[in-house]
Amino acid sequence: MSNATLRRPAAPPSPGRRARRRPPRRIEVQFRTIISPHQLNSRWGRRVYWTVLVATVVTFTVVFLLPMYWMITGALKSAEEFAQVPPTLFPKELNFGKFLESWELFDIGTLLRNTVLYAGGGWLITMSVDVAAAYALSKLRPAFGNVILGAMLATLMIPPMVVLIPTYLAIHDVPILGWDLLNNPWGLWLPAAANGFNIFLLKRFFDSIPRELLEAAQIDGGGPFRILWSVVLPVSRPILGVTSIFTIVTSFKDFIWPLLVMSDSEKMTLSVGLAQTAGAVSQDQVMGGLVIASIPTVIVFFIFQRHIMAGLTAGSLKG
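Rules and cut-offs
- Residues numbered from 1 in each chain as written.
- Predicted model: local features only at pLDDT ≥ 70, side-chain atom pairs only at ≥ 80, totals over all residues.
- Heavy atoms only, no water.
- pLDDT = per-residue confidence, 0-100.
- Contact = heavy atoms within 4.5 Å.
- Helix = DSSP H or I, 4+ residues; strand = E, 2+ residues; numbered from the N terminus.
- Buried < 20%, exposed > 50% of the residue type's maximum accessible area, 1.4 Å probe, protein only.
- Phe/Tyr/Trp six-rings, centres within 6.5 Å; stacked < 30°, edge-to-face > 60°.
- Expected span 1.5 Å × (residues − 1).
- Salt bridge = Lys/Arg side-chain N within 4 Å of Asp/Glu carboxyl O.
- Core = buried A, V, L, I, M, F, W, Y, C linked by side-chain atoms within 4.5 Å.
- Axes fitted to C-alpha atoms, helices over the stretch in contact; angles between N-to-C directions.
- Parallel < 35°, antiparallel > 145°, perpendicular 65-115°, else oblique.
- Nonpolar A, V, L, I, M, F, W, Y, C, P; charged D, E, K, R; others polar.
- 1 Å grid on protein atoms, 1.4 Å probe; cavity = no way out; pocket = protein on both sides within 12 Å on 5 of 7 lines; lining within 4 Å.
- Points joined across faces, edges and corners; volume = space filled by probe spheres on them.

Turning next to the confidence of the model for the chain. On average, residues of the chain score 81 in pLDDT, and 83% of them reach the 70 mark or higher. Below pLDDT 50 for its whole length, residues 1-6 participates in zero contacts with residues either more than four positions away or in separate chains.

Locating Leu274 in the fold gives a position in helix α14 (residues 270-277). Overall, Leu274 belongs to the buried group, its relative accessible area being 7%. Sequence separation between Leu274 and Gly289 is 15 residues; the distance between their C-alpha atoms is 7.1 Å. When sequence neighbours within four positions are dropped, the list of residues in contact with Leu274 reads Phe106, Leu111, Gly289, Leu290 and Ala293.

Within the structure shown, the criterion is met by three aromatic pairs. Ring centres of Tyr69 and Phe90 lie 6.4 Å apart, and the angle between their planes is 80 degrees; on these two criteria the pair is classed as edge-to-face. One end of the pair, Tyr69, is in helix α2 (residues 43-76); the other, Phe90, is in the loop between α3 (79-82) and α4 (97-106), with 21 residues separating them in the sequence. Judged by its relative accessible area of 31%, Tyr69 falls in the partly exposed class.

Residue Pro86 is reached from Val85 by a cis peptide bond, and omega for that bond is -5 degrees. The topology assignment puts Pro86 in the loop between α3 and α4.

A word on the environment of Ala280. Among the secondary structure elements, Ala280 is positioned in the loop between α14 and α15 (283-313). Classification of Ala280 by relative accessible area gives exposed; the value is 69%. Counting along the chain gives 175 residues from Ala280 to Leu105, while the straight-line C-alpha distance between them is 9.7 Å.

So, on to helix α5 (residues 108-140). Compared with an ideal rise of 1.5 Å per residue, which puts 33 residues at 48 Å, α5 spans 46 Å between its outermost C-alpha atoms and is within 8% of the ideal. With its phi angle positive at about 50 degrees, Arg141 sits one or two positions after the end of α5.

What follows covers the pattern of salt bridges. By the definition in use, this model includes two salt bridges. For Lys98, the salt bridge goes to Asp284, with nearest N and O atoms at 2.5 Å. Taken as a pair, Lys98 in helix α4 and Asp284 in helix α15 lie far apart in primary sequence, 186 residues in all. One salt bridge connects Asp207 with Lys203, and the closest N-O pair in it is separated by 3.0 Å.

With that settled, the discussion passes to the nonpolar core. Residues Val131, Leu202, Phe206, Ile227 and Val232 are the most contacted members of the largest nonpolar core, which totals 22 residues. Those elements that place two or more of their residues in this core are α5, α9 (196-207), α10 (211-219), α11 (224-235) and α12 (237-253). Ranked by the residues each element gives to this core, the list is headed by α5, at six residues. Aside from chain neighbours lying at most four places away, what touches Phe206 is Val131, Ala134, Tyr135, Ser138, Lys139, Val232 and Ser236. Within the second largest apolar cluster, 17 residues are counted, among which are Phe106, Leu270, Val286 and Met287.

At their nearest, the axes of α9 and α12 sit 10 Å apart, and the two run at 175 degrees to each other. For the element pair α9 / α12, the angle class is roughly antiparallel. Within the contact between the two elements, α9 uses Phe197, Asn198, Leu201, Leu202 and Phe205 and α12 uses Ile239, Leu240, Thr243, Phe246 and Thr247. Each residue belonging to the contact of α9 with α12 can be placed in one class, and the counts come to seven nonpolar, three polar and no charged.

On the secondary structure map, Thr88 appears in the loop between α3 and α4. Look at Thr88 and you get buried, because its relative accessible area is 15%. Apart from the residues lying within four places of it in its own chain, the contact partners of Thr88 are Trp70, Lys77 and Glu81.

Turning to the layout of surface pockets, a few remarks are in order. Computed from the structure, the largest pocket encloses a volume of approximately 1300 Å³. Along the walls of the largest pocket sit 33 residues, with Pro160, Pro191, Ala192, Asn195 and Thr250 positioned nearest its centre. Within the residue set of the lining of the largest pocket, elements represented by two or more residues are α5, α7 (164-172), α8 (186-189), α9, α12 and α13 (256-261). Examining the composition of the lining of the largest pocket, we find that five residues originate from one element, α12, more than from any other. Considering only residue class, the lining of the largest pocket consists of 20 nonpolar, 11 polar and two charged. Here the second largest pocket is characterised by a volume of approximately 390 Å³. Here the element with the most residues in the lining of the second largest pocket is α15; it accounts for seven residues. Residue composition of the lining of the second largest pocket, grouped by class: 10 nonpolar, three polar and one charged.

Structure below.
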């Protein structure tokens, strides 16, 4: 007989005996805010909340829209009314012919054509370089890729004015090749080709693309370029739209670099041409030219405003 002690199974609880249940654990939520939810739901809390909210929204709306309103109303005023002190909030007479007059005085047709040409070419070259760089850093994983990305991001910390003179000297006499790219569109396109911010956005989105999708394309015989063109770019439309908008708007609003590179009056951009002619015309005509110059970027914003936030948030979560 074994020395092991035999244990009887525990008897089930009798039907008349109720099992003791532990009370549910109470979860206490701490709110670390200036105003607690209890105070916010009170009558005075709701009044204070809506008062602060409306005041904040109205204040920021006025701060951002007042310069645009002043520019549009200034273009509709006469020269005497524009120089009047104190200024008038509303023009006495609406003269929409000022816009046509400003168009002819500034030769905005030529300036706008030049700007569209520079923006389109700069967009094509910038997207080609940035997409290729982001794809290589994200999916091809070259040696010292993190070091290269860190160096690109470090350039964002350098003020543009610091590298303005070295860049100008490099464009005036391209190293090794010896080309002079002043008054040449390539003088605007090449310095803006590699953009660290665009590369960072594109790389973050490319990182969110499943690796299995690329491996399936490799099994089907696709090379790196084929995978980029047929797989990566079609699913990256949101972020491509955002970087495209940033590139085009930057080309339209840039002033210092086109002022240095494009000194020929027939090759000036819209912002430079308006500034060069502003001293020879009245201020109300200058306002008319500024209103016309701001129309393209405003249209681009209203058309693609949804894509801006969608592209910035795309790729932030993996799943």
